[in-house]
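# What the coordinates show
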Amino acid sequence: ISIDWEQPLIAQAEVLRLNDNYIDIGLDPKESPYRLIEGKLFFEVNNGEQYEWKSTVEFDKKGKYIVPQTGEYGCLGENWDAYHAEPTMPGIVRLHFNFKRKPQIGNYLIMRHIQPSHTGIYIHESENISVNNLKLFHAVGTGILANKSKNLNFIRYMAIPNSAKTRYFSGSSKGLEIVNCGGQILINNCTFHGLMEESAEVFSTGIRIDEIVDQDQIKCSLVSRQDIGLEWATKGDKLNYFSVGTMTLSGTNTVNEVVPVNDTTFILQLQQNVPQMIKPGDILKNREQQPELTVENSNFKSCNGHSLLLSSVNKATIQSNNFESSGSAIFIGTKNKSNYKSGMVANVLITRNIFSSYCNSSPYYNGEAIISIYPETPEIDENSPALFRNISIENNIFNPFDYPLLYAQWVEDLSFVSNSVTQSYNYSPYHHKQYNFSFIDCKGISIRNNDFSDNLLGKILFLKKTPKNQLDTDLSNGFSIEQY
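Our subject in this report is the structure included herewith. (Residues numbered from 1 in each chain as written. Predicted model: local features only at pLDDT ≥ 70, side-chain atom pairs only at ≥ 80, totals over all residues. Heavy atoms only, no water.)

### Details of the overall build of the protein
Applied cut-off: Working definition: helices are DSSP H or I runs of at least four residues, strands are E runs of at least two. Numbering for both runs from the N terminus. For this measure, only C-alpha atoms enter the radius of gyration; the expected value for a globule follows 2.2 Å times N^0.38, where N is the number of residues. For each residue, the accessible area found with a 1.4 Å probe, counting protein chains only, is set against the maximum for its type, and the residue is called buried under 20%, exposed over 50%, and partly exposed in between. Two residues form a contact once any of their heavy atoms are found within 4.5 Å. Positive charges come from Lys and Arg alone, negative charges from Asp and Glu alone, with His and the N- and C-terminal ends not counted. The atoms used to mark charge sites are NZ of Lys, CZ of Arg, CG of Asp and CD of Glu.
A tally of regular secondary structure across the protein gives zero helices and 44 strands. Expected size for 484 residues packed as a compact globule is a radius of gyration near 23 Å; at 24 Å, the protein falls within 12% of this value. Its C-alpha atoms give the protein principal-axis dimensions of roughly 70 × 60 × 40 Å. Out of the 484 residues in the protein, the part that is buried amounts to 58%. Pairs at least 24 apart in sequence give 69% of the contacts found in the protein among residues at least 6 apart. With 42 positive and 52 negative side-chain charges, the protein shows a separation of 3 Å between the mean positions of the two kinds.

### Looking at unusual backbone geometry
Of note, Gln69 is a non-glycine position whose phi angle comes to about 65 degrees, a positive value. As for its placement among the helices and strands, Gln69 is situated in the loop between β7 (55-59) and β8 (84-89). Judged by its relative accessible area of 40%, Gln69 is partly exposed. Look at Asn180: it is not a glycine, yet its phi comes out positive at around 55 degrees. Position of Asn180 among the secondary structure elements: in the loop between β15 (176-179) and β16 (182-188).

### Here's the deal with the packing of aromatic side chains
Aromatic ring pairs are described here by two measures, namely the spacing of the ring centres and the angle between the planes. The line we're drawing: Aromatic rings from Phe, Tyr and Trp, taking only the six-membered ring of Trp, are treated as a pair when their centres fall within 6.5 Å; an angle between ring planes under 30 degrees marks them as stacked, one over 60 as edge-to-face, and anything in between as tilted.
If you walk through the whole model with that rule in mind, you get 25 aromatic pairs. Ring centres of Tyr65 and Tyr427 lie 6.2 Å apart, and the angle between their planes is 65 degrees; on these two criteria the pair is classed as edge-to-face. Here the residue Tyr65 occupies a position in the loop between β7 and β8, and Tyr427 occupies one in the loop between β38 (420-421) and β39 (437-440), the gap between them amounting to 362 residues. The buried category is assigned to Tyr427, whose relative accessible area is 16%. Between Phe437 and Phe439, the ring centres sit 6.2 Å apart and the planes meet at 10 degrees, which makes this aromatic pair stacked.

### With respect to the sheet that holds strand β6 (residues 49-52)
So the rule is basically this: DSSP bridges decide pairing: two strands pair if at least two such bridges lie between them. Fitting a line to C-alpha atoms yields each axis, with helices limited to the stretch in contact; the angle taken between N-to-C directions then spans 0 to 180 degrees.
Strand order in the open sheet made by the three strands is β4-β5-β6, with antiparallel pairing throughout. The two strands at the open ends of the sheet, each matched to only one other strand, are β4 (34-37) and β6. Averaged over all adjacent pairs, the angle separating strand axes in this sheet is 40 degrees, with direction ignored. Here strand β5 (residues 40-45) pairs with β6 via four bridges, running antiparallel. When the sheet's bridge partners are listed, Phe43 is paired in β6 with Tyr51.

### Overview of the environment of Phe479
Mapping Phe479 onto the fold places it in the loop between β43 (471-473) and β44 (480-483). Expressed as a C-alpha distance, the spacing of Phe479 and Gly458, which sit 21 residues apart in the sequence, is 8.0 Å. Sequence-distant contacts of Phe479, that is, excluding residues within four places in its chain, are made with Asn436, Phe437, Phe452, Leu456, Lys459 and Ile460.

### Observations concerning the side chain of Gln319
For the record, the criterion: N or O atoms closer than or at 3.5 Å make up a polar contact, with two conditions inside protein: a donor-capable atom paired with an acceptor-capable one, and, for residues adjacent in sequence, both atoms drawn from side chains.
Along the chain, Gln319 falls in strand β28 (residues 316-319). Of note is the side chain of Gln319, whose polar atom sits 3.4 Å from the side chain of Arg352. Beyond its immediate chain neighbours, meaning those up to four positions away, Gln319 contacts Val295, Glu296, Asn297, Thr351, Arg352 and Asn353.

### Brief notes about the side chain of Arg167
Relative to the assigned elements, Arg167 resides in the loop between β14 (150-159) and β15. A distance of 2.8 Å separates a polar atom in the side chain of Arg167 from a polar atom in the side chain of Asp4. One polar contact links the side chain of Arg167 to the main-chain carbonyl oxygen of Trp5, over a distance of 2.9 Å.

### Overview of the pattern of salt bridges
Any two side chains of opposite charge can pair if their charged atoms end up close together. Note the threshold: For this analysis, a salt bridge means a side-chain nitrogen from Lys or Arg found within 4 Å of a carboxyl oxygen belonging to Asp or Glu.
Under the counting rule described, the total for this entry stands at 17 salt bridges. A cluster of three or more residues bridged by salt bridges with shared partners is formed by Asp4, Glu6, Glu31, Lys165 and Arg167.

### A short note on the environment of Ile332
Locating Ile332 in the fold gives a position in strand β30 (residues 330-333). As a C-alpha pair, Ile332 and Leu309 span 23 residues in sequence and 5.9 Å in three-dimensional space. Leaving out residues up to four positions away in the same chain, Ile332 has contacts with Leu310, Val345, Val348, Ser372, Ile373, Tyr374, Phe388 and Ile391.

### As for the sheet that holds strand β2 (residues 10-18)
Pairing between the strands of a sheet comes from backbone hydrogen bonds, and it takes one of two forms, parallel or antiparallel. Taken in spatial order, the six strands of this open sheet run β7-β10-β2-β3-β9-β8, and their pairing is antiparallel. The open sheet has two edge strands, β7 and β8, and neither has a second partner. Between one strand axis and the next, the sheet turns by 35 degrees as a mean value, whatever way the strands run. Pairing geometry for β7 and strand β10 (residues 108-112), over five bridges, is antiparallel.

### Some points on the environment of Tyr83
Residue placement: Tyr83 occurs in the loop between β7 and β8. Taking C-alpha positions, Tyr83 is 21 Å from Gln69, a pair spaced 14 residues apart along the chain. Excluding residues that lie within four positions of it along the chain, Tyr83 makes contacts with Gly39, Lys40, Leu41, Trp53, Leu95, His96, Phe97 and Phe99.

### Some words on the nonpolar core
Here is the rule we go by: We define the nonpolar core as a collection of buried residues of types Ala, Val, Leu, Ile, Met, Phe, Trp, Tyr and Cys that are connected through side-chain atoms lying within 4.5 Å of one another.
Counting residues in hydrophobic clusters, the biggest one holds 72 residues, and the most contacted among them are Phe154, Phe192, Phe355, Ile371, Ile373, Phe437 and Phe439. Broken down by element, the residue count for this core peaks at four residues, all from β14. Those residues in contact with Phe192 that sit more than four places away from it in its chain are Tyr157, Ala159, Gly175, Leu176, Ser199, Ala200, Asn299, Phe300, Lys301 and Cys303. By size, the runner-up hydrophobic cluster in this structure holds 21 residues, among which are Ala13, Leu27, Trp80 and Tyr83.

Take a look at the structure:
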């Protein structure tokens, strides 16, 4: 099956000419009908509704990748939206402004103007579903969203641009989002390219405890607008309590009954009493919504964000994939402070992957390295078990153009073993951190038997709140350790 939109809700403009005073762009008015209103560019959708141009990403014409440092923070520089637009001829618009950053003539500007809304395919409360041989050229929101489902296979699924229409973009949001699912999840022989957000995400939604109603009852609420109306739990589900500050596991329980209050609030009747240390503001996670994940033989090409975001306490295997992400290739992290989106991660194997020089070429949310392991927690309790555990990175090929390879915070038992790292000179380094490895609040780190090129940038390993006796390494060839 192939799915596309004749009039996609993203516009694509070719850079025709430019100087210090203006940029001329070419638009297809049939594919992306537009109007100029008081000097601003608006696009017409839904039978005449007008949406103003809001953000931009630049794609290289030949390589079809996001030009380095044109991702999340925009490619036209500060105050770019102070432009004044005028038509010069049909299909050509002149943007008057001394843009702080100039795109390259011949490249394409991907112009976003509408908020991602409806998913392309929605899988809900289902089991044993396979999506095979699907090309999804465009979706208004996430390409495929799976929620509260179990045992899902995605085989030869492609969220990619329609090259027959000379497009450089695909979907308006993510390619694949696995939320609150359990069982076995397989992503095999898939391709993600030209998306305006991350390629694939696997996580579960936490809920906030608002009130201890009784010794075995708690009032809870969903904290993200995306979760409005979500049936978060059913009778018999096993739950974990977590401290909101440190994400420390504070106990378990089982659901007897869910009593809805409104679309975002409900009362949980529990089988056991609520532990005394639990307080309003703490987090509940549903243990039934933690899948085992396998991602293999897939291509994560240039998209506007990180490639693979992962948060599951069960086993994850990421093997034999190619990463060309504009952000971090693999992001293991939490967003509990903002929307309780994820939590503990354990037992991750990252092996036999290729991380190209395109990886981490633009700054994105917490994209500290090609592989970023980053908890968003305001407090880290040194006496509590690490939030992330048992992560192995082995037998991979890295071709970094910048310094950061691996950033890890609050991890226990982390290995970087038997990898090949060869310096690339495709782009100029930009990252604010000039360390190859950064370990903060970590224990049990092993870095051994790796092959580093002689010309590798930096050759610095950074330790913070991580004692040297927690580091087992054979690093030589000019490597140094900085400790704080």
